[in-house]
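Given next are the chains, with one letter for each unit.
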Amino acid sequence: MLTVAINLPERANVVTQTLHEEMARVWDDVADDPDSDVIVLTGAGSIFCAGGDMKWLADELRDGLAPFVVEARTMRRIVSSLLDCPKPVIAKVNGDAFGFGATIALLCDVVFAAEGARFADPHVKVGLVAGDGGAMIWPQLIGFGKARHYLLTGEAVEAREAERLGLIAFAVAPGDLDDEVARYTARLARGAQSAIRFTKSVTNIALRQLLPSVFEAGVAYEGLTRHTEDYREGVTSFIEKRRPDFTGR
């Protein structure tokens, strides 16, 4: 078993440009690791991932937005390499998983979450389209009716309710999370690896087919909303710790 940790606990494991770049490579790296059959993804500290680094986004607005080409390519590489990783990837969600953090957790093969941890895709709350994979994976897990609610409002869902909805596999007591994941990964590691890996590959065919359609469209629309006044207001209001005043522009 090999553990990959989002390791910026002093900043709630926010998604920075550096994290984007490193996560775009890590799934290919762990796929080639000869000493592991199962991968665990978790967050350092008490939060899995708080979502996008608002300071990074604010700095971009101040300095002038660059074309979304590089970020779009990086996001696609992250998602596609995670889906293509032949080894089962288990998400150990030790705390809140928001935004791209939620997307990455939900794209893992099996998700364990500590009770009390919340999942949310709050892109719309800062004036952005949920384009980095949320609009692709949430409907596949819980159906369009509930997924549209959570994506259109950015509302969070707690781990026990997420398990009931089928968004995640298991919600467990926080004190039991490490042991439960360890037992599960040991079980997979004892299994027939070729059968497990090919079963994962087959299961993910439907998701991989959504990459050139739903995912690509989502990234494109997210790039467009970065140039709206509502996005500027969303980021600015977050930094200023006030309620946003969206105007629809």
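Structure: see above.
It should be emphasised that the depicted structure is a prediction, and the values quoted were computed from it without experimental measurement. (Residues numbered from 1 in each chain as written. Predicted model: local features only at pLDDT ≥ 70, side-chain atom pairs only at ≥ 80, totals over all residues. Heavy atoms only, no water.)

**Student:** What's the story with the layout of surface pockets in this structure? I'm lost.
**Tutor:** Gaps between atoms show up when a probe of the same size as a water molecule is rolled over them. In this structure, the largest pocket occupies an estimated 700 Å³ of space. Counting only elements with at least two residues in the lining of the largest pocket, the list comes to helix H2 (54-63), helix H3 (69-84) and helix H11 (229-239). Among the residues making up the lining of the largest pocket, the classes are represented as 17 nonpolar, seven polar and nine charged. Empty space within the second largest pocket amounts to approximately 320 Å³. Lining the second largest pocket are 20 residues; nearest its centre among them are Cys108, Asp109, Leu141, Thr203 and Asn204. Mapped by element, the contributors of at least two residues to the lining of the second largest pocket are helix H4 (100-107), strand E5 (110-114), helix H5 (134-142), helix H9 (193-203) and helix H10 (205-225). Residue contributions to the lining of the second largest pocket peak at four residues, all from H9. Across the lining of the second largest pocket, the residue classes break down as 13 nonpolar, five polar and two charged. (1 Å grid on protein atoms, 1.4 Å probe; cavity = no way out; pocket = protein on both sides within 12 Å on 5 of 7 lines; lining within 4 Å. Points joined across faces, edges and corners; volume = space filled by probe spheres on them. Helix = DSSP H or I, 4+ residues; strand = E, 2+ residues; numbered from the N terminus. Nonpolar A, V, L, I, M, F, W, Y, C, P; charged D, E, K, R; others polar.)

**Student:** Before we go on, may I ask you to explain the side chain of Thr103 in this structure?
**Tutor:** Within the secondary structure, Thr103 sits in helix H4. By relative accessible area, which is 0% here, Thr103 ends up buried. (Buried < 20%, exposed > 50% of the residue type's maximum accessible area, 1.4 Å probe, protein only.)

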